Amino acid sequence: MDIVLKDETNKIELYQHQFDNLKDTIQKYRALVSTSNTGAWEYFPETGFLDCNSVYFSMLGRDINNYSFSDKNLNETWIELLHPDDEEEVISRFMKYLDKPVGMYESFFRMKHNDGSWVWICSRGGFLKDESGHITNSLIGTHIDVTAQKQAEEDIQRDRILLRTLIDNLPGTIYIKDAEGRKIIANKADVATIGAKSESEVIGKTDLELFPNEIGRRGYENDMEILRTGEALLNKEEVFRDNSGNPHWLLTSKVPVYDKDGKINRILGIGHNITDRKLSEEALNNLNKELNLQSVELSKQAEELKALNDQLIKQKEQELEKAIAQGKFEIASEVLHDIGNALVGFGSYLTRINRVIENNNLDAVKNLHVFLKGQRTLLAEAIGDDKANALVAITLGISKTQTDNQKEVGASINELLNIVSHIQEILNIQRQFVRGHGGVHERKPVNITNIIDDCRSMLFASLEKKGVKLNINIKRGNYVVKGDHTKLMQVILNILKNSLEAIDFSNKEKHISVSMESTKEFIELKIVDNGLGFDEETSKRFFERGFTTKKSGTGLGLYNCKSIVESHSGSFEITSEGPGQGAVTTIKFAI
């Protein structure tokens with residue numbers, strides 16, 4: 001009996017010792033958890049009870065004493081504190097683990113702090129097992145505040161996105177290669193330069209694989225040299241060709257990148273597209289050649305015009321002397337008329353020559369010189385001081401040469417225009433002389449339609465130069481009157497010139513409309529423009545002898561036009577709705 005009691009006593013003491021050890025272990029565990037600021041929890045699936053330590057709540061700014069620890073408290077102590085965006089996925093993950101507890105349970109989610117902010121939690125746990133390895137009905141785990149870690153990850157991700165966005169939207173090519181010369185990063189410009197559709201097509205490939213030609217071999221050898229020597233390659237001009245065979249130039253720089261141990265493990269490459277600069281240089285050379293040829297051609301045309309003018313003057317004098325000597329004043333009058341029309345066309349041709357001179361890209365060359373001169377420093381960095389200075393000097397030389405040529409040709413044309421004006425004055429005097437010797441000139445049938453067509457031909461170059469659209473609308477009818485063809489042409493031509501000069505060159509829409517209709521009693525001609533127009537006070541003085549609105553006008557144009565029309569049994573009227581509203585000229589001839 002004593003032996004049995006002694007054995008039982010020994011067992012009790014053994015159990016007490018084991019219990020004391022277990023109690024001591026639990027206390028150490030709790031102390032460790034508390035000092036590590038780790039929230040601890042234990043969940044019992046059968047009852048729905050969640051037991052938590054004080055740290056579980058304190059990391060959320062909450063007091064454990066404010067929460068109930070009775071059965072089915074999972075909602076209050078956990079679910080209700082979850083972020084709404086995380087709740088569904090987190091609960092689903094937890095329930096799946098309860099259903100199939102394989103391995104370790106782990107989940108990341110946000111829980112609401114007492115101050116209204118959100119705390120990122122890393123939750124890990126697993127089911128307890130008994131001595132035989134069977135899963136018990138208790139799931140234990142920890143809560144760790146990983147807000148700082150999550151914030152750092154988000155900051156890194158955001159910075160990575162911003163950096164990648166910047167790299168992909170820069171116009172230059174940017175890429176990174178590994179220690180084997182394989183691309184591991186390529187921005188959009190680099191992918192486009194290679195001719196690929198996406199970055200995935202070029203990642204992991206060397207230049208030998210991307211460019212199976214001389215370009216690839218050259219690039220790969222450069223990469224290997226940089227990896228071997230550590231010497232950067234700076235501002236090297238390289239040429240590529242797109243799928244259509246068009247050349248593209250890059251100014252390439254490659255630099256080695258070292259790891260923490262001082263070994264080269266990367267190559268950073270940057271390329272600037274200098275295709276426009278290269279094409280500009282080529283265009284500049286071509287422009288220089290073209291301008292030189294144009295200058296020679298214009299000089300030749302000026303000489304030919306001078307010779308033609310001398311020939312016309314000589315012909316005019318010979319024809320006139322012959323007509324007067326033979327007493328054929330009527331023939332002389334027609335000759336003078338034809339020569340006058342030819343001079344008008346000749347003046348129009350000179351105007352077109354002037355237009356060619358104005359459009360010979362002289363301003364473009366001057367602007368190019370100013371631009372290159374202002375960018376001399378950048379050009380020197382890109383192509384060297386000698387080339388930069390030569391480029392600026394070339395454009396200056398071209399500008400001066402073309403300026404001198406333009407001045408010479410322009411002076412020649414102005415001289416010819418003055419000669420034409422002088423000839424026209426002589427013609428007017430000679431017309432009076434012929435008429436004074438031949439008596440009153442007999443009026444002949446004149447078709448107004450033909451006069452309008454002649455005027456349009458004479459003004460074609462001026463209309464085209466100023467960008468003015470001439471619309472002519474003539475209804476069916478009889479437009480023949482007895483009169484002086486030359487004087488009537490002078491009237492209509494003068495009105496069209498006034499309308500042309502009144503239109504602002506900067507207007508988007510510039511037009512002159514000519515309409516004509518006839519009845520049994522009269523012919524009505526209207527010329528409408530969208531020019532500057534005039535006020536009522538100005539309109540009252542239009543037909544005063546000597547009054548003009550032009551800086552170089554004589555004040556005789558409209559006065560003479562009205563006199564000529566009235567001498568043909570007609571009426572002459574000019575109206576406007578006001579400044580900026582254009583003008584309407586109305587001429588009526590009695591039939």
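In what follows, the structure referred to is the one given above.
Looking now at the sheet that holds strand 5 (residues 135-145). If you walk across this open sheet you meet the 5 strands as 2-1-5-4-3, and the pairing is antiparallel. Each edge of the open sheet is held by one strand with a lone partner, namely strand 2 (49-52) and strand 3 (105-112). Along the sheet, successive strands turn relative to each other by an average axial angle of 25 degrees, direction set aside. In this sheet, strand 4 (residues 118-129) lies alongside strand 3 in antiparallel orientation, the contact comprising 8 bridges. Across the sheet, residue phenylalanine 108 finds its bridge partner in strand 4, namely cysteine 122.

Another aspect to go through is the pairing of strand 7 (residues 183-186). Side-chain positions along a regular strand alternate between the two faces of the sheet. Relative to strand 7, strand 6 (residues 173-178) is paired through 3 bridges, and the arrangement is antiparallel. Counted as the bridge partner of tyrosine 175 is alanine 186 from strand 7. Counted along the chain from strand 6 to the antiparallel partner strand 7, the turn is 4 residues long, and its residue glycine 181 has a positive phi close to 80 degrees.

The next thing to look at is the packing of aromatic side chains. Applying the stated criterion across every chain yields a total of 10 aromatic pairs. For the pair phenylalanine 57 and phenylalanine 69, a centre-to-centre distance of 6.2 Å together with 90 degrees between the ring planes defines the contact as edge-to-face. In this pair, phenylalanine 57 is assigned in helix 2 (residues 54-58) and phenylalanine 69 in the loop between helix 2 and helix 3 (74-77), connecting sequence segments 12 residues apart. Looking at phenylalanine 69, the relative accessible area reads 31%, which means it is partly exposed. Following the ring pairs from residue to residue traces out a cluster consisting of Tyr43, Trp78, Phe94, Tyr97, Tyr105, Phe109 and Phe127. Residue placement shows lysine 510 over the ring face of phenylalanine 505; its charged tip is 5.9 Å from the ring centre.

The next subject is the pattern of salt bridges. This structure, assessed with the given rule, holds 16 salt bridges. The residue lysine 183 makes a salt bridge to aspartate 190 at a minimum N-O spacing of 2.5 Å. Comparing lysine 183 with aspartate 190, the two get one shared label, buried. In the salt-bridge network here, residues are joined through shared partners; they are Lys177, Asp207, Asp223 and Lys254.

Moving on, we get to the environment of arginine 182. Along the polypeptide, arginine 182 turns up in the loop between strand 6 and strand 7. Judged by relative accessible area, arginine 182 falls into the partly exposed class, the value being 35%. Separated by 25 residues in the primary sequence, arginine 182 and aspartate 207 have C-alpha atoms spaced 7.7 Å apart. Here arginine 182 is in contact with Ile176, Lys177, Gly204, Lys205 and Thr206, once residues within four sequence places are set aside.

Attention shifts here to the side chain of glutamate 524. With respect to the secondary-structure elements, glutamate 524 resides in strand 15 (residues 522-529). Since its relative accessible area comes to 15%, glutamate 524 is described here as buried. When near neighbours in sequence (up to four residues on either side) are disregarded, glutamate 524 contacts Ser515, Met516, Glu517, Thr586, Ile587 and Lys588.

For the rest of this paragraph, the subject is the sheet that holds strand 9 (residues 247-258). A sheet is described by the order of its strands in space; here 5 strands give the open sequence 7-6-10-9-8, paired in antiparallel fashion. One side of each edge strand has no neighbouring strand; the edge strands of this open sheet are strand 7 and strand 8 (233-241). If you compare each strand with its neighbour and ignore which way they point, the axes differ by 25 degrees on average. Strand contacts of helix 8 (residues 214-229): strand 6, strand 8, strand 9 and strand 10 (264-273), with the helix running at about 160 degrees to strand 8, the strand carrying the most contacts.

For any two helices packed against each other, one specifies the crossing angle of their axes together with the interaxial distance. Their axes nearest at 9 Å, the elements helix 16 (residues 485-502) and helix 18 (residues 557-567) cross at an angle of 140 degrees. In terms of their interaxial angle, helix 16 and helix 18 are classed as oblique. You can see that helix 16 and helix 18 cross each other, and the crossing is left-handed. Across from Lys487, Leu488, Gln490, Val491, Asn494 and Asn498 in helix 16, the residues of helix 18 making contact are Gly557, Leu558, Cys561, Ile564 and Val565. Class assignment for the residues of the contact of helix 16 with helix 18 results in 6 nonpolar, 4 polar and 1 charged.

Another point: helix 4 (residues 84-99). Helical periodicity: at 3.6 residues per turn, an α-helix aligns residues three or four positions apart in one direction. The end-to-end C-alpha separation of helix 4 is 24 Å, in line with the 22 Å expected for 16 residues at 1.5 Å each. Every buried residue of helix 4 is listed here: Asp86, Val90, Ile91, Phe94 and Tyr97. Looking at the buried positions of helix 4, the neighbouring elements they touch are strand 1 (39-44), strand 3, strand 4 and strand 5.

About the cut-offs
Residues numbered from 1 in each chain as written. Predicted model: local features only at pLDDT ≥ 70, side-chain atom pairs only at ≥ 80, totals over all residues. Heavy atoms only, no water. Pairing = 2+ DSSP bridges. Helix = DSSP H or I, 4+ residues; strand = E, 2+ residues; numbered from the N terminus. Axes fitted to C-alpha atoms, helices over the stretch in contact; angles between N-to-C directions. Phe/Tyr/Trp six-rings, centres within 6.5 Å; stacked < 30°, edge-to-face > 60°. Buried < 20%, exposed > 50% of the residue type's maximum accessible area, 1.4 Å probe, protein only. Lys NZ or Arg CZ within 6 Å of the ring centre and 35° of its normal. Salt bridge = Lys/Arg side-chain N within 4 Å of Asp/Glu carboxyl O. Contact = heavy atoms within 4.5 Å. Parallel < 35°, antiparallel > 145°, perpendicular 65-115°, else oblique. Left-handed = near helix turned anticlockwise from the far one by under 90°. Nonpolar A, V, L, I, M, F, W, Y, C, P; charged D, E, K, R; others polar. Expected span 1.5 Å × (residues − 1).

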